[in-house]
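Architecture and fold: a report
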Amino acid sequence: MNFYLGIDFGTSGARAVVIDDAACIQAEARYPWGNSHVSDWVTDWQTALLTLLAKISEELRRKIKAIAINGTSSTVLLVDAVGKPVDAPLFYNDGRGLTVIEKLRSIAPANHPVISATSSLAKLLWMSQQPTFTEARYFLHQADWLAFLLHGELAISDYHNALKLGYDVEELKYPKWLENLQIPIQLPKVLPPGSPIRELRPKIAANFGLPNDCLVCTGTTDSIAAFVASGAKLPGEAVTSLGSTLVIKLLSRTRIENSQYGIYSHRLGDLWLTGGASNTGGAVLKYFFTDVELESFSRQIDASKASELDYYPLLQAGDRFPINDPHLPPRLTPRPDDPVEFLHGLLESIARIESQGYKLLQLMQADPLSRVYTAGKGAANQTWTTIRQRYLKVPVVSSVNTEAAYGTALLAMRGVKN
Ligand code: ADP
C-alpha cells in the first residue's frame, strides 16, 4: 500500500491528511495558528510544516509516495538566492497593492484578475517599491515556498496559484504584457497543479523517515483544493459552499470571464472551474437565529411547499453576483411573526439566489448543471437541501470531503499515479 500526503495552509491553521491508494483517509493532523500576534510568519509556517510531518506515524511516513501543499490564494513572499525570505510575506487579504492598481489597469488586459488590490501581481509591484526588494531574487507564493523547503528547487509554482500573478493559463506562459514590465525578479516556472517536481531533500527524508524517492508535487490554492476534495469532476458538476457567504463553482468545458460579476475561470486539467460569490448566506441566518434555532426551526418547515416570501437576504447593501449592484438594498420584509415561516422565507430566497447564479453561468455558456455537491455548515441542513433541490432540479448531495488538505492529497496521488 502506498500513501499520499496533502498539506493545507489555510486561514485558521495548517492541516495534513494522508490517504491511501483508494483515496481513504489514513491519518490527519492539525496545527492551529495561535491567537497571539505572530511577528515571524515564515518561521511559524516552517514550524507548522515540520510539526505536521512529525505528527504522522513513522509507519505511515515510511510509505508516503508523494506530497503536495496548498496555500491561501495570493499569499506571497520574496526570497533571496538561497530561498531565504527577505521580508514578511503579504497575506491573501492584504490590500496594500491598492497603490499600484492604476498601473495594473494600464498594462493588463481589461477585466484581468490581476486588476485587484489583493492580486499577487499587485503585491509584487508594491513589494518592488520597498527597500528590501534589492535583496530579492525570486517571487513565490506561500505554497511554492513551503514545497521548496521540502524539495529544494527554486522557483516552481502551479497555474492555480499563478493565475493572479498574470500567468496565461490558456497559453501556459507568462504573457508579453507581463514580460514588458521587466520586473527585476525571477518569476516561478509554472507547472500544472499536482505535477511531480522532484524528490525530497535527502535531509528531510532522513530526519522524518520518509522514502528517499518520495516526490514533492506542485500544489494549488485552498479553495480549489476544497473543490477537488468535494468529488466533483465532470463538466456540469458543481460545488455550492453554504458558509457565511454563498459561493458557487461549476466545472465547465467553456472558460468564462466576466469582471462585472466577479467571474473568472481557473483551469482544471482540460476543464474550467468557473463561479461566483454572493454576499448572501449563513451570516444573515446567524444574525437572526442561533445554530440551535436554525436546526429546530428548519425541522418544522415543510420543504416541499414553496414560501411566498421573496427576500434578498444581505447584512448590508450591495452584491456582485448574481446581481451586480453595489447599492442593492437588503430585502427582508415582510417579516412574519412566526420564526419558522421567516426562516423558510430566508432559506427559500438564498436557494433562489443560488439557482439564479447557476443560471447566469449557463447563460454565459457554461455546461448545463448536472449535480451539486454542497460544503459549509449549511450542507448539513436537510430541509434546505430539499428546498434547493426544488430550484436546482438536479441531485443535491453532500461533498465527499470538504477539507482542502484532502483535495491536495488527491492531487499528490494523481500526480504520481498518472
Ligand atoms: P464560514 O467558514 O464561512 O464561517 P461555516 O461553514 O462555518 O462558514 O458556516 C457558518 C454559517 O453556517 C453560519 O453563518 C451559520 O449561520 C450557518 N449555519 C449553522 N448551522 C446551520 C444550519 N443548521 N442550517 C443553515 N445554516 C447554518
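From a predicted model like this one, the values you see are computed outputs, not experimental measurements. (Residues numbered from 1 in each chain as written. Predicted model: local features only at pLDDT ≥ 70, side-chain atom pairs only at ≥ 80, totals over all residues. Heavy atoms only, no water.)

**Remarks on the overall build of the protein**
Cut-off, in case you're wondering: Helix and strand assignments follow DSSP, with helices taken as H or I runs no shorter than four residues and strands as E runs no shorter than two, numbered in order from the N terminus. Think of it in three bands: with a 1.4 Å probe and only protein chains considered, a residue is buried below 20% of the maximum accessible area for its type, exposed above 50%, and partly exposed in between. In what follows, residue pairs with any heavy atoms lying within 4.5 Å of each other are defined as contacts. All accessible-area figures derive from a Shrake-Rupley calculation using a 1.4 Å probe, and residue coverage is judged against the displayed protein chains alone. The charge count includes Lys and Arg as positive and Asp and Glu as negative, but it does not include His or the ends of the chains. A charge is said to be at NZ when it belongs to Lys, at CZ for Arg, at CG for Asp and at CD for Glu.
The helix and strand tally for the protein stands at 13 helices and 17 strands. If you line up the protein on its principal axes, its C-alpha atoms span 65 × 55 × 45 Å. Within the span of the protein, comprising 418 residues, buried residues form 57% of the whole. Long-range contacts, defined as pairs at least 24 residues apart, comprise 68% of the intrachain contacts of the protein with a sequence gap of at least 6. Total accessible area computed for the protein in this model is approximately 18,400 Å², and 51% of it derives from carbon and sulfur atoms. Of note, the protein has its 40 positive side-chain charges centred 3 Å away from the centre of its 41 negative side-chain charges.

**Structural notes on the domain arrangement of the protein**
Cut-off, in case you're wondering: Here the bounds of each domain stem from an automatic or database domain assignment. In short, buried area is how much 1.4 Å probe accessible area vanishes from two parts on joining, totalled over both. Each salt bridge in this description consists of a side-chain nitrogen of Lys or Arg and a carboxyl oxygen of Asp or Glu lying within 4 Å of one another. Each polar contact in these results corresponds to two N or O atoms within 3.5 Å; when the atoms are within protein, one needs to be able to donate a hydrogen and the other to accept it, and residues that are neighboring in sequence are counted only if both atoms are side-chain atoms. Charged means Asp, Glu, Lys or Arg here, nonpolar means Ala, Val, Leu, Ile, Met, Phe, Trp, Tyr, Cys or Pro, and polar covers whatever is left, Gly included.
We note that the domain assignment places domain 1 (3-223 + 405-417) and domain 2 (232-399) within the protein. Summarising the inter-unit geometry, the C-alpha centres of domain 1 and domain 2 are found 30 Å apart. Between domain 1 and domain 2, the residue contacts involve ten residues of the former and eleven residues of the latter. The junction of domain 1 with domain 2 conceals about 1,000 Å² of combined surface from both sides, 52% of it contributed by carbon and sulfur atoms. Between the two partners, domain 1 and domain 2, sit one salt bridge. Close ionic contact of Arg255 with Glu170 constitutes a salt bridge, the shortest N to O distance being 2.7 Å. Linking domain 1 with domain 2 are five residue pairs in polar contact (both at pLDDT 80 or more), by the criterion used here. A class-by-class count of the residues in the side of domain 1 that touches domain 2 yields five nonpolar, three polar and two charged.

**Looking at the packing of aromatic side chains**
The line we're drawing: Between rings of Phe, Tyr and Trp, where Trp is taken as its six-membered ring, a pair exists when centres lie within 6.5 Å; planes separated by under 30 degrees are stacked, by over 60 edge-to-face, and by other angles tilted.
One pass over the full model with this rule turns up twelve aromatic pairs. When the ring of Trp45 is compared with that of Phe91, the centres are 5.9 Å apart and the planes differ by 70°; the resulting orientation is edge-to-face. Separated by 46 residues along the polypeptide, Trp45 in helix α1 (residues 41-55) and Phe91 in the loop between β5 (76-79) and α3 (101-107) bring together distant segments of the chain. Plain terms: the ring middles of Tyr167 and Tyr174 are 5.1 Å apart, the flat faces sit at 80° to each other, and that makes the pair edge-to-face. Note on Tyr167: relative accessible area 6%, which makes it buried.

**Section: the site of the ligand**
Filter applied, for reference: Neighbouring residues are identified by heavy atoms, a residue being near a molecule or strand if any of them is within 4 Å of it.
Within the structure, the ligand sits among 14 residues, and Gly243, Ser244, Gly282, Lys377 and Asn381 are positioned closest to it. The separation between an oxygen atom of the ligand and a polar main-chain atom of Ala283 is 3.4 Å. In the model, an oxygen atom of the ligand is placed 2.9 Å from a nitrogen or oxygen of the Lys377 main chain. A total of 580 Å² of accessible area belongs to the ligand in isolation, and the protein chains cover 74% of it. Counting only elements with at least two residues in the shell around the ligand, the list comes to α9 (282-288) and α10 (291-299). Considering every element that reaches the shell around the ligand, the biggest residue donor is α9, with four residues. Grouping the amino acids of the shell around the ligand by side-chain chemistry returns four nonpolar, six polar and four charged.

**Brief notes about the nonpolar core**
The tendency in soluble globular proteins is for nonpolar side chains to be buried as a group. Filter applied, for reference: As used here, the term nonpolar core means buried Ala, Val, Leu, Ile, Met, Phe, Trp, Tyr and Cys residues forming a set that is joined through side-chain atoms within 4.5 Å.
Core analysis: the biggest nonpolar cluster contains 42 residues, and Leu285, Leu343, Tyr358, Leu361, Leu369 and Val372 have the highest contact counts within it. At the level of secondary structure, the elements contributing two or more residues to this core comprise β12 (237-242), β13 (246-252), α9, α10, α11 (339-363) and α12 (382-392). With eleven residues, α11 is the largest single contributor of residues to this core. Apart from the residues within four sequence positions on either side, Val372 is in contact with Ala238, Thr240, Glu354, Tyr358, Arg388, Leu392, Val394, Pro395, Val396 and Val397.

**Points about helix α8 (residues 222-230)**
In terms of residue burial, α8 counts as a mostly covered element, since seven of its nine residues are buried. For α8, the full list of buried residues reads Asp222, Ile224, Ala225, Phe227, Val228, Ala229 and Ser230. Gly231 sits one or two positions beyond α8 and adopts a positive phi of about 105°.

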